[in-house]
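Architecture at a glance
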Amino acid sequence: MDLRHLRYFVAVAEELHFGRAAERLTMAQPPLSQAIRRLETDLGVELLHRSTRRVDLTDAGRGYLARARRILAEVDEAAHEARRIAAGAVGHLTIGCVGSATYSLLPALSRGLSLELSGVDFSFRGEMLVPDQAAALRTGEIDLALLRPPIADLSLTVLPLRRDRLVVAVPADHPLAALPQVEVADLAGADLIVHSADRRSVMYDVVLGLFRDAAVEPRIRHEVGETSTLVTLVAGGLGAAVVPEPVTALALDGVAFRPLARPDAGVDLAIAHRTDRTEPHLARAVSVVRRIVQEPAA
């Protein structure tokens, strides 16, 4: 059955006048009358009582009108939904965040994404290390990841967002807290808290590289899996830590953050997704995230 015939019938049934219905449909009256006759023939029932003075619905016509309206409403809604999906306006996305991005970016991302992509349902996972993020992207457990490169996985697309400077977190009563900035050499002999080597943390390699370049032997006392735990241990006086600058957003009592006296030292932040994921709402989310993250730098 041609959907046009349903629309023609609804217009005639609502107007109860072929002339007004034809005008509403911007068509001539004879083709409209023929289309309704063809519909009745196809159905094998009379939908309308016709006379020279008026048009009325039969009992079958009244029942058919109710169903026709629902069918057309569903068809229109399906078309609207398809257009919204194609435009990236609906869907669901889970975003996994590396520790430092969890504190500094997640609030702004949550607000910005909800505002600009109100039809997309977002959920977030915080405090993820890069190997865990890569595995979750591959399995579809998460759809996007804010992570710290490098990441050697050809199945993933990794787009740069920004570079974050490094700072040193020390207990507030530590002698290094009195310095305007901290050299790597100043950390010689200091107890250090680092991200876990067993979990292949990018920051672990970065920190060891800094000490290696400065010819200083690191005195590692504690290895942790989460950035929040790392900063909490610093607050407890258990050591110092080198962290990306966004971690200062934690603003934990008992912790002082001082710039690392190496302006060239830093870690990159990137957004990643599976290369074979091409959904419009994912592409739009990536664009929004890149703009939000890069706005402060701009």
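Residues numbered from 1 in each chain as written. Predicted model: local features only at pLDDT ≥ 70, side-chain atom pairs only at ≥ 80, totals over all residues. Heavy atoms only, no water.

**Description of the side chain of Thr-227**
- Along the chain, Thr-227 falls in helix H9 (residues 227-235).
- In contact with Thr-227, not counting residues within four places along its chain, are Gly-99, Ser-100, Tyr-103, Glu-127, His-195 and Val-247. (Helix = DSSP H or I, 4+ residues; strand = E, 2+ residues; numbered from the N terminus. Contact = heavy atoms within 4.5 Å.)

**Brief notes about the environment of Leu-72**
- Tracing the backbone shows Leu-72 in helix H4 (residues 59-86).
- On the basis of relative accessibility, which here comes to 8%, the residue Leu-72 falls in the buried class.
- Each C-alpha atom of the pair Leu-72 and Thr-278 lies 31 Å from the other, and the pair is 206 residues apart in sequence.
- Discounting residues that sit within four places of it in the chain, Leu-72 has contacts with Leu-3, Leu-6, Arg-7 and Val-10. (Buried < 20%, exposed > 50% of the residue type's maximum accessible area, 1.4 Å probe, protein only.)

**Considerations on the layout of surface pockets**
- One number sums up the size of the largest pocket: a volume of about 170 Å³.
- Lining the largest pocket are Val-130, Pro-131, Pro-150, Ile-151, Arg-200, Ser-201, Val-202, Asp-205 and Val-206.
- When residues of the lining of the largest pocket are traced back to their parent elements, those giving at least two are helix H7 (130-139) and helix H8 (202-213).
- Counting residues per element, the lining of the largest pocket draws most heavily on H8, at three residues.
- Taken together, the residues of the lining of the largest pocket sort by class into six nonpolar, one polar and two charged. (1 Å grid on protein atoms, 1.4 Å probe; cavity = no way out; pocket = protein on both sides within 12 Å on 5 of 7 lines; lining within 4 Å. Points joined across faces, edges and corners; volume = space filled by probe spheres on them. Nonpolar A, V, L, I, M, F, W, Y, C, P; charged D, E, K, R; others polar.)

**What to know about empty space enclosed by the protein**
- Tallied over the full model, the rule gives two cavities of 30 Å³ or more.
- Taken as a whole, the largest cavity holds about 160 Å³ of empty space.
- What lines the largest cavity is a set of 18 residues, and nearest its centre among them are Val-98, Leu-129, His-195, Met-203 and Thr-227.
- Secondary structure elements with two or more residues in the lining of the largest cavity: helix H5 (99-104), H8 and strand E9 (241-244).
- Counted by class, the lining of the largest cavity contains nine nonpolar, six polar and three charged residues.
- Volume-wise, the second largest cavity comes out at about 30 Å³.
- In terms of lining residues, the second largest cavity is bounded by Ile-193, Val-194, His-195, Met-203, Tyr-204, Val-207, Leu-230 and Val-242.
- Among the secondary structure elements, those contributing two or more residues to the lining of the second largest cavity are strand E7 (191-195) and H8.

**Focus: unusual backbone geometry**
- Pro-149 connects to Pro-150 through a cis peptide bond whose omega is 10°.
- Mapped onto the elements of the fold, Pro-150 is located in the loop between strand E5 (144-147) and strand E6 (156-171).
- The residue Leu-16 is not glycine, and still its phi comes out positive at about 50°.
- Residue placement: Leu-16 occurs in the loop between helix H1 (3-15) and helix H2 (18-24).
- One non-glycine residue, Ala-251, adopts positive backbone phi at about 45°.
- Relative to the elements of secondary structure, Ala-251 occurs in the loop between E9 and strand E10 (255-259).
- Its relative accessible area of 58% is what places Ala-251 among the exposed residues.

**Quick look at the pattern of salt bridges**
- Going through the model one piece at a time under the given rule, you end up with 23 salt bridges.
- Measuring nitrogen to oxygen at the nearest pair gives 2.6 Å for the salt bridge that ties Glu-14 to Arg-24. Remark: Arg-24 occurs in helix H2 and Glu-14 occurs in helix H1; sequence separation between them is 10 residues.
- Given the relative accessible area of 40%, Arg-24 is considered partly exposed.
- Asp-164 serves as the salt-bridge partner of Arg-162, at 2.8 Å between the closest nitrogen and oxygen. (Salt bridge = Lys/Arg side-chain N within 4 Å of Asp/Glu carboxyl O.)

**A word on H8**
- If you check H8, its first and last C-alpha atoms are 17 Å apart, about what 12 residues at 1.5 Å a residue would give, namely 16 Å.
- Of the residues making up H8, those classed as buried are Val-202, Met-203, Tyr-204, Val-207, Gly-209, Leu-210 and Phe-211.
- Looking at the buried positions of H8, the neighbouring elements they touch are H7, E6, E7, strand E8 (219-224), E9 and strand E11 (266-274).
- Backbone nitrogen of Met-203 and a side-chain oxygen of the N-cap are separated by 3.2 Å at the start of H8; the cap is Ser-201. (Expected span 1.5 Å × (residues − 1). Polar contact = N/O pair within 3.5 Å; in protein donor to acceptor, adjacent residues only side chain to side chain.)

**Section: helix H6 (residues 106-116)**
- Looking at H6, one finds that the buried residues are Leu-106, Leu-109, Gly-112 and Leu-113. End-on, the buried residues of H6 take up no more than an arc of 135°, which puts them together on one face. Seen from the open side of H6, the exposed residues pointing more than 90 degrees away from its buried face are Arg-111 and Leu-115. (Arc of directions from axis to C-beta.)

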